[in-house]
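Descriptive analysis of the structure
Chain by chain, the residues run as shown.
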Amino acid sequence: MAKNRQNDTEAKGTTPGEETVSQTEEAVEEVTGEAVAEEAEAEAEEAEEVAKSPEELMEEKIKAAETKAAENYDRLLRSTAEFDNYKKRSAREFQESKKYANEAFIKQLLPVIDNLERAVESIGDEGDDSGQGVIEGVKMTLSEIFKVFDKFHLKPLESEGKPFDPNFHQAVIQEETNAVPENTVVKEMQKGYLLHDRLIRPAMVVVSKAAALSAGENEKAEAE
């Protein structure tokens, strides 16, 4: 291999040392050429700047400053809009939190109200004087509780006799009847409640469905 390299070198008429020096000189010349080109370009730019009048230079600086100012103003507008949206969102979330702050407490209290109402319904108007006194006391207690509920914007749903609405009602059973239209709430098993405009408990209801016709009614319907 070395012999071949030596032959190639001898064929070119140069020694190995001379070849290395030649390559180094070529690399130096290349780097020097690039540096000279860059320096010439910089000098050309300087000459161009010098060739411009002070008015032109000032106008360019003013345009550059105006562009920078416009960019900063645009960023300021975006930041201001984002901050305003953040404030509005935070205020809305705070109001929602404040509005429904008592929801968990009220949900825990509703079963107590259910039991008091069942106690009143179970005794009704029958019983001795002492029993009636207790019932009247329970009724007064319920009345006061509902006044407090009203202050906190808690309202019971009026369901009986209304069309069944799956958004507010939970159907427990269906009852066959032709006394009311189909899918009508005929009985309320448990009251539903709204806190402001939010449903916190659906009403458990009995829903009507069309009763099956008897044999005589079937014959009459077919005759018609």
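Since this is a predicted model, take the numbers as computed values, not measurements.

1. Notes on the overall build of the protein
Of the regular secondary structure elements, the protein holds six helices and six strands. Overall, the protein shows an N-to-C arrangement of helices and strands of α-α-α-α-α-β-β-β-β-β-β-α. Within the protein, the proportion of its 224 residues that are buried is 14%. Across the protein, contacts joining residues at least 24 apart in sequence account for 64% of those joining residues at least 6 apart. Approximately 17200 Å² of the protein is accessible, and the part contributed by carbon and sulfur atoms is 54%.

2. Regarding unusual backbone geometry
Glycine aside, negative phi is the norm for most residues, and most peptide bonds take the trans geometry. Even without a glycine there, the phi angle at His153 is positive, about 65°. Relative to the helices and strands, His153 resides in the loop between helix 5 (129–151) and strand 1 (154–156). Classification of His153 by relative accessible area gives partly exposed; the value is 43%. In the Ramachandran plot, His196 falls in the positive-phi region, its phi being about 55° despite a non-glycine side chain. Tracing the backbone shows His196 in the loop between strand 4 (193–195) and strand 5 (198–201).

3. Topic: the layout of surface pockets
When its volume is computed, the largest pocket comes out at roughly 180 Å³. If you list the elements that add at least two residues to the lining of the largest pocket, you get helix 4 (103–123) and strand 3 (185–190). For the lining of the largest pocket, the element with the highest residue contribution is helix 4, accounting for four residues. In the lining of the largest pocket, the residues fall into one nonpolar, one polar and six charged.

4. Observations concerning the nonpolar core
The tendency in soluble globular proteins is for nonpolar side chains to be buried as a group. Core analysis: the largest hydrophobic core is formed by 13 residues, its most contacted members being Ile106, Leu110, Leu154, Tyr193, Leu195 and Ile200. Non-local contacts of Leu110, meaning those with residues more than four positions away in its chain, are made with Phe149, Leu154, Tyr193, Ile200 and Arg201.

5. Notes on the sheet that holds strand 3
What the three strands build is an open sheet, ordered 2-6-3; its pairing is mixed. Each edge of the sheet is formed by a strand with only one pairing partner; in this case those strands are strand 2 (169–176) and strand 3. Across the sheet, the mean angle separating the axes of adjacent strands is 30° when strand polarity is ignored. Sheet topology note: the strand 3/strand 6 (residues 203–209) ladder contains four bridges and is antiparallel. Considered in strand 6, the bridge of Gln190 is made with Met204.

6. A word on the pairing of strand 5
Two elements, strand 4 and strand 5, share three bridges in a ladder whose sense is antiparallel. The partner of Leu195 across the bridge, within strand 5, is Arg198. With antiparallel pairing between neighbouring strands as the criterion, strand 4 and strand 5 make up a hairpin whose turn holds two residues, including His196 at a positive phi of roughly 55°.

7. Points about the packing of aromatic side chains
For any two aromatic rings, the description comes down to two numbers: the centre-to-centre distance and the angle of the planes. A complete count under the given rule lists two aromatic pairs for this structure. Ring centres of Phe146 and Phe149 lie 6.1 Å apart, and the angle between their planes is 75°; on these two criteria the pair is classed as edge-to-face. Remark: Phe149 and Phe146 occur in helix 5; sequence separation between them is three residues, near one turn of the helix. A relative accessible area of 5% places Phe149 in the buried class. Sitting over the ring of Tyr100, Arg198 keeps its end group 3.6 Å from the ring centre.

8. Concerning the confidence of the model for the protein
Predicted coordinates in areas of low pLDDT are best not read in detail. Mean pLDDT over the protein stands at 80; residues scoring 70 or higher make up 71%. Here residues 1–12 is a poorly scored stretch, pLDDT under 50, and it has four contacts once near neighbours within four places are set aside; other chains count.

Rules used in this analysis
- Residues numbered from 1 in each chain as written.
- Predicted model: local features only at pLDDT ≥ 70, side-chain atom pairs only at ≥ 80, totals over all residues.
- Heavy atoms only, no water.
- Helix = DSSP H or I, 4+ residues; strand = E, 2+ residues; numbered from the N terminus.
- Buried < 20%, exposed > 50% of the residue type's maximum accessible area, 1.4 Å probe, protein only.
- Contact = heavy atoms within 4.5 Å.
- Areas by Shrake-Rupley, 256 points an atom, 1.4 Å probe, with all protein chains shown as cover.
- 1 Å grid on protein atoms, 1.4 Å probe; cavity = no way out; pocket = protein on both sides within 12 Å on 5 of 7 lines; lining within 4 Å.
- Points joined across faces, edges and corners; volume = space filled by probe spheres on them.
- Nonpolar A, V, L, I, M, F, W, Y, C, P; charged D, E, K, R; others polar.
- Core = buried A, V, L, I, M, F, W, Y, C linked by side-chain atoms within 4.5 Å.
- Pairing = 2+ DSSP bridges.
- Axes fitted to C-alpha atoms, helices over the stretch in contact; angles between N-to-C directions.
- Phe/Tyr/Trp six-rings, centres within 6.5 Å; stacked < 30°, edge-to-face > 60°.
- Lys NZ or Arg CZ within 6 Å of the ring centre and 35° of its normal.
- pLDDT = per-residue confidence, 0-100.

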